[in-house]
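Chains, contacts and geometry: an overview
For reference, the chains in residue letters:
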Amino acid sequence: MTDDQPIPSDDETGGEAAVAPLPVAGITSDRPVVVLGGGPAGLTAGYLLAKQGHPVIVLESTDQVGGIARTEVRDGYRFDLGGHRFFTKVKEVDDLWHEIMKEEFLKRPRKSRIYWNNKFLEYPLDGMDVIRKLGPIELARCGLSYAWAAIKPKGREDTFEAWVSNRFGKRLYQHFFKTYSEKLWGVPCTEIRSEFAAQRIKGLSFFAAAKSAFVGNKGNKIKSLISEFNYPRYGPGQMWEQMTVDIRAHGGEVRMNAPVTRLRIDGGRVVELVAGGETLTPSHVISSLPLRTTVGIADPEAPVDVRDAARGLRYRDFLTVALVIDQPELFDDNWIYIHQPGVKVLRIQNFRSWSPWMVPNDTDTSLGMEYFCFEGDEVWSMSDDDLVAMASREIEQLGLARAKDVKFGFAVRVHKAYPMYDVEYPERVATIRGWLEGIQNLTQVGRNGLHRYNNSDHSMLTAMRAVDNILLGTNHDIWAVNAESVYHEEDVSDEQPYREAPETPAMEQPLASER
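Residues numbered from 1 in each chain as written. Predicted model: local features only at pLDDT ≥ 70, side-chain atom pairs only at ≥ 80, totals over all residues. Heavy atoms only, no water.

1. Digging into the nonpolar core
Within the largest apolar cluster, 123 residues are counted, with the highest numbers of intra-cluster contacts made by Leu36, Leu59, Trp240, Leu273, Ile286, Ile432 and Trp435. For this core, the leading source of residues is helix 16 (residues 456-472), giving eight residues. What Trp435 contacts, discounting residues up to four positions off in sequence, is Ile265, Thr294, Val295, Ala298, Ala302, Pro303 and Val306. (Core = buried A, V, L, I, M, F, W, Y, C linked by side-chain atoms within 4.5 Å. Buried < 20%, exposed > 50% of the residue type's maximum accessible area, 1.4 Å probe, protein only. Helix = DSSP H or I, 4+ residues; strand = E, 2+ residues; numbered from the N terminus. Contact = heavy atoms within 4.5 Å.)

2. Notes on the pairing of strand 1 (residues 33-36)
Both faces of the sheet carry side chains from a regular strand, because those side chains alternate between them. Taking every second residue as pointing to the same face, both faces of strand 1 are buried, with Val33 and Val35 on one and Val34 and Leu36 on the other. Note that strand 1 and strand 13 (residues 284-287) share four bridges and pair parallel. By the bridge assignment, Val35 is partnered in strand 13 with Ile286. In this sheet, strand 2 (residues 56-59) lies alongside strand 1 in parallel orientation, the contact comprising four bridges. (Pairing = 2+ DSSP bridges.)

3. Some points on the sheet that holds strand 6 (residues 112-116)
Here seven strands make up an open sheet; going across it, the order is 7-6-16-17-18-15-19 and the pairing mixed. Of all strands in the sheet, those with a lone pairing partner are strand 7 (119-122) and strand 19 (406-419), marking the two edges. The average undirected angle you get between the axes of adjacent strands in this sheet is 25°. Strand direction decides the pairing type here: strand 15 (residues 315-325) and strand 18 (residues 365-373), joined by nine bridges, are antiparallel. Bridging from a neighbouring strand, Val321 pairs with Met369 of strand 18. (Axes fitted to C-alpha atoms, helices over the stretch in contact; angles between N-to-C directions.)

4. A closer look at helix 14 (residues 425-436)
Along its twelve residues, helix 14 runs 16 Å from first to last C-alpha, staying within 8% of the 16 Å computed at 1.5 Å per residue. Taken as a whole, helix 14 has its buried residues at Tyr425, Arg428, Val429, Ile432, Trp435 and Leu436. For helix 14, the arc enclosing every buried residue in end-on projection is 120°, short of the 170-degree limit, so these residues lie on one face. For helix 14, the elements touching its buried residues are strand 10 (260-266), helix 10 (291-296), strand 14 (298-299), helix 11 (304-311) and strand 20 (442-444). (Expected span 1.5 Å × (residues − 1). Arc of directions from axis to C-beta.)

5. A short note on the packing of helix 5 (residues 160-168) against helix 6 (residues 170-185)
Viewed as axis vectors pointing N to C, helix 5 and helix 6 meet at an angle of 145°, and their least axial separation amounts to 8 Å. The two elements helix 5 and helix 6 cross, and the hand of that crossing is right-handed. On helix 6, the residues touching Phe160, Glu161, Val164, Ser165 and Phe168 of helix 5 are Lys170, Leu172, Tyr173, Phe177 and Ser181. Considered class by class, the residues forming the contact of helix 5 with helix 6 number six nonpolar, two polar and two charged. (Left-handed = near helix turned anticlockwise from the far one by under 90°. Nonpolar A, V, L, I, M, F, W, Y, C, P; charged D, E, K, R; others polar.)

6. Focus on the confidence of the model for the protein
When pLDDT is averaged along the protein, the result is 86, and 86% of the positions lie at 70 or above. Across residues 1-19, where pLDDT falls below 50, the model places 35 contacts with residues more than four positions away in sequence or in other chains. Low pLDDT, under 50, characterises residues 483-493; the stretch is placed with 41 contacts to residues that sit more than four places away or in other chains. (pLDDT = per-residue confidence, 0-100.)

7. Notes on the packing of helix 2 (residues 91-101) against helix 16
Packing of helix 2 against helix 16 brings their axes to within 10 Å, and their N-to-C directions diverge by 95°. As summarised for this structure, helix 2 and helix 16 are arranged roughly perpendicular, according to the angle between their axes. On the side of helix 2, the interface is formed by Glu92, Val93, Leu96 and Trp97, while helix 16 contributes Asp457, Met460, Leu461, Met464 and Arg465. Grouping the amino acids of the contact of helix 2 with helix 16 by side-chain chemistry returns six nonpolar, no polar and three charged. (Parallel < 35°, antiparallel > 145°, perpendicular 65-115°, else oblique.)

8. Details of the pattern of salt bridges
The tally for this structure, following the rule as stated, stands at 34 salt bridges. Between Asp332 and Lys111 there is a salt bridge, and its shortest N-O distance comes to 3.0 Å. Of this pair, Asp332 sits in the loop between strand 15 and strand 16 (335-338) while Lys111 sits in the loop between strand 5 (105-109) and strand 6, placing them 221 residues apart in sequence. A relative accessible area of 42% means that Asp332 is categorised as partly exposed. Taking relative accessible area as the criterion, Lys111 reaches 32% and is therefore assigned partly exposed. We note a salt bridge from Asp129 to Lys133, for which the minimum N-O separation is 2.9 Å. Within this pair, Asp129 and its partner Lys133 are both found in helix 3 (residues 127-134), separated by four residues, close to a single helical turn. We classify Asp129 as buried; its relative accessible area is 3%. (Salt bridge = Lys/Arg side-chain N within 4 Å of Asp/Glu carboxyl O.)

9. Some thoughts on the environment of Trp357
As for its placement among the helices and strands, Trp357 is situated in the loop between helix 12 (351-354) and strand 18. On the accessibility criterion, Trp357 (39% relative accessible area) is partly exposed. For the pair Trp357 and Gly76, spaced 281 residues apart in the sequence, the C-alpha separation amounts to 9.5 Å. Setting aside anything within four residues of it in sequence, one finds Trp357 in contact with Arg78, Leu106, Arg233 and Tyr234.

See below:
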């Protein structure tokens, strides 16, 4: 839990008394539903079960709920890991958010811009704004580059670089595509597939706007970005902490520092599990553990092909360097995208703009400097002091603040933040899913539980459907719950960026069962 807002005791919540549950075969106090993981999906499952009076135990391996959507707190400063907007098209999820947060759910304005060449560009790109910021000389160069791209032979288009350059010209590619894409995916644009470029550039309003800024929109309607979103007063962690309070108020359990180390399977069912050194006998198991972990802790071991498939799952990780700066206002964006070469930071969150209550005074600015990496690579392995020093140098290099004004900072590493869709991804997941379908009382939910890039709303929806299947006897296909685009603006189907997916250091780690 956070260190400045302890979870109140149950008698402080004012929650409703647990209702008498409808009988569900097999769920008893001795054989509760056990939920693995205290992130958005796991807590949603625990809340819905406890609210209806069913015995439930949520197991969280760390000392804080929320997973990658938690809020880190230092000396009253609150930091959101990644910037979590509460915006959804799913009404039942939105209703649940408001049920949990009540008046603590704030409506916040959305503002984000692109930082390029020491200038802020409107996002989505505005043609006149870009023309003004480029200046007449560079504008002419970009125009000539575009004209040349339009008339020259296209040649091979098997890379992101070739595909974009052929449509926008080399200079626009270098200005608005190259740096950001390479920092995001961790490989040169010559190693990113052209098919990925075609899908993302067609579906992402930034790139559609970039094209319209110079060559016209040609009748294609560019969807506008959402102008406001909901956000808990004290950051997303407040949502999950309140949900924990409510689970306990309804008679359920949330156990912290209780990593699951074994799932014993017999007769096609999980008959017991070990967590935090204690053995539990579950009636049903809802797991938001990464697929790799679920496979790794199975007893007896999963078949060889399933273990091999689990070893091959890849993730793109990231870390946030939180900085507190002795300046009251640096910029008013919620976040800015850093398209500038020469720095490693990809995106900067400004937490006061998310909610004024994220900063405990009116004199400081708190920022989240986001670095995308692979677990175990050079950036990931840097010491916290070195990361803070790098982030302080870069904020000054960008001209946004002075390094000497940084009062303090710290780094937070986010493991398995983004499940990667590589060429072998569908086959590997299908192999693991086939094995899971033979375990009758085990359901995987959530982003890492399904190895699917779900946002919090759809992660929660997978948990809702899993609870329906248990309590109502429905037959929802959890794997079919829609995964919405990271940008919330347009739907983007699963696509993988890499021509040849990188072998990441984390893939060399053994499965849990091999340790």
